[in-house]
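Per-entry structural report
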Amino acid sequence: MNWRFSQLLLLLLCFDGPGGVRCQEEEPVPRNEVLGEPTVSCAADAIYVKLRTKSTFLGHVDVKYTPDKSCFQSLVTNNQIEILIPHEECMVPRRRSLHPTGVILEVSLSVSFHPEFTTVDDRIFNMQCFHQKKSNGSLNSLAIGSPQPPPPDTKGPSCSYEVLASPGGLPAGRLALGQEVYHSWQCQNVYESCIMIESCRLVGGEETHDVIDSSGCSKYESIMPQLQYHNRTHVGASVKVFGVSHTSIVYFACQVRLHPQLPSGECPKRKCNEARKKRDDASSQFPSIDVRSQNLEISQLINVTTPPVEPPKPTEPVVQHTCPDIHVESSPVEEASESKFIEEERVCADLRSVLVVSVLLAMAIILITTTIAVLFVRRQKYEIANMS
C-alpha cells in the first residue's frame, strides 16, 4: 500500500500547476541542416548538384517547377545528397544572354528534411548554369558551362522582366486568381534605342500560350491589357492574375526589341486598335533580347475579386475558459478583458492546487486510519493469545 501511495503521490506532483510540470524533461530532437553551399557542375546536357547535411539525411529532394517529378535522379549516402537534373527531361528553363553571348539555364531545388511533409526547416536553392556561345556561333550543342556567368558587359544593353505585387513594389511569388499585379519591363544601356515588347507567352508545364503577338499587341485584352510605354526604357501593365488549368506554376517570356528612335527623337508607337495584319517586317532586323519573368505559383481556388463575407462582430469578446463556474467581475472597458482572463486563470490555478492538496490530505488520513486500524487489530489478537 505504501508503494501505491508513493506512486500516486508522484503522479499528482508531476502534473500539479496550471500547465503541468513534467518530472523528466524530454530531450529535443536535433535539427538537421545543409552545411555550406551546394556544389554545382554544369554538363552539356544536365546539371549535377551535390550537398552535405549535418547528420544523416532522412528527407526527400524535389526539382521545383518541372512538370515531370520523376525526371531527375537522386542518390543519398548518409549525409551526402547527389542530384542529376537532365535539361530535356526536366524541361529546364533557359534564356539567352546577349552580353556576354550564351545561354543561361536556371533550376530550383527543394530539400525537405521530413520524409513526408514540408516544414519550416526546408531549404530551396536557386541555381543557374551559363553556357558560352561557341566560336562557330552554334547554340544547338551546349558545351560544359559554369555555375557563374562571366561578368556582364556593363556597356552593352541588358533587360529584365518582373511581375511585381504593385508598381514599384516587390517581385510577386504566390498569387491568387484575380489579384492585381504589375508587369514591368526595364532596360539599361540602350543608348538612343527604344524598347518594344513583342511575342509574349505564358508558359505552364509543356504548354505555351501566346498573350502578346509579334506586333506587340495583346491577343486577349480581357485578361492582358495593352502595354503602357512610360519612356524609352520602361514598359508596364497592370494585370489581374490569370493562369492555366493544368498547372499552378507558370512564367512569362517575351522578346524586347531595340528599335531606333525616329528622326524627331520620339519612339515609334504601337497602333493595336487598327488592323494588325500588316506587320512592319523592317523591325525584325533590329536586335532583340529574350527575357522571362520569375516563376509564379497561382492558386486555382481563391478568387480575390469576390469580397469576403465578414462575420458579425460580437458585442463582447468571447474568451475560452478552462475553469467552469468561475466568474470574476470586471468593468466593461475593453482593456479590462485581458486582466479579467488572467485573474480567472489565476483562480483556476489556485483551485487546482487546493484540489490536489485536498486529495493528498484525504489519502494521508485514509493511510493513517488504515494503519491505526491494522495496529489495533494486531494488538487485540496479541492480547487474546496471551490470555489463552
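Higher on the page you've got the structure.
Rules used throughout
- Residues numbered from 1 in each chain as written.
- Predicted model: local features only at pLDDT ≥ 70, side-chain atom pairs only at ≥ 80, totals over all residues.
- Heavy atoms only, no water.
- Helix = DSSP H or I, 4+ residues; strand = E, 2+ residues; numbered from the N terminus.
- Buried < 20%, exposed > 50% of the residue type's maximum accessible area, 1.4 Å probe, protein only.
- Contact = heavy atoms within 4.5 Å.
- Areas by Shrake-Rupley, 256 points an atom, 1.4 Å probe, with all protein chains shown as cover.
- Patch = residues over 30% accessible without salt bridge, like charges linked within 9 Å, V, L, I, M, F, W, Y side chains within 5 Å.
- Salt bridge = Lys/Arg side-chain N within 4 Å of Asp/Glu carboxyl O.
- Lys, Arg positive; Asp, Glu negative; His and termini not counted.
- Charge placed at Lys NZ, Arg CZ, Asp CG, Glu CD.
- Core = buried A, V, L, I, M, F, W, Y, C linked by side-chain atoms within 4.5 Å.
- Polar contact = N/O pair within 3.5 Å; in protein donor to acceptor, adjacent residues only side chain to side chain.

1. A closer look at the overall build of the chain
The helix and strand tally for the chain stands at 2 helices and 18 strands. The buried share of the chain, taken over its 388 residues, is 32%. Look at the contacts in the chain between residues 6 or more apart in sequence, and 65% of them connect residues 24 or more apart. If you sum the accessible surface of the chain, you get close to 25,500 Å²; carbon and sulfur atoms cover 55% of it.

2. As for a negative patch on the surface
A surface patch of negative charge is lined by Asp 45, Asp 68, Glu 89, Glu 206 and Glu 207. Take Asp 68: it is sitting in the loop between β3 (60-63) and β4 (73-77). The exposure class of Asp 68 is partly exposed, given its relative accessible area of 34%.

3. Observations concerning the nonpolar core
In terms of nonpolar packing, the biggest core is built from 32 residues, with Trp 185, Ile 197, Val 256 and Val 291 touching the most fellow members. Among the elements of the structure, β9 (158-164), β11 (180-188), β12 (193-204), β13 (207-212), β15 (234-240), β16 (249-260), β17 (288-292) and β18 (296-303) are those that each provide at least two residues to this core. By residue number, the principal contributor to this core is β16, which donates 5 residues. Every residue in contact with Val 256, bar those within four places of it in the chain, is listed here: Cys 159, Trp 185, Cys 187, Ile 195, Met 196, Ile 197, Pro 287, Ser 288, Ile 289 and Val 291. The next biggest cluster of nonpolar side chains, apart from the first, holds 25 residues, and it includes Val 49, Phe 72, Ile 83 and Leu 109.

4. Describing the side chain of Gln 80
When you line up the elements, Gln 80 lands in strand β5 (residues 80-86). On the accessibility criterion, Gln 80 (19% relative accessible area) is buried. Within the structure, the side chain of Gln 80 is placed 3.2 Å from the side chain of Arg 52, a separation counted as a polar contact. Setting aside chain neighbours within four positions, we find Gln 80 in contact with Lys 50, Leu 51, Arg 52 and Leu 75.

5. Let's talk about the pattern of salt bridges
Within the structure shown, the criterion is met by 6 salt bridges. The salt bridge partner of Lys 69 is Asp 62, with a shortest N-O separation of 3.6 Å. One salt bridge connects Glu 198 with Arg 270, and the closest N-O pair in it is separated by 3.2 Å. A residue pair is termed long-range when its members are at least 10 positions apart, and Glu 198 in strand β12 and Arg 270 in the loop between β16 and β17 qualify at 72 residues. The exposure class of Arg 270 is partly exposed, given its relative accessible area of 26%. It is possible to trace a salt-bridge network through shared partners that takes in Glu 198, Arg 257 and Arg 270.

What is shown is where atoms sit, not what they do.
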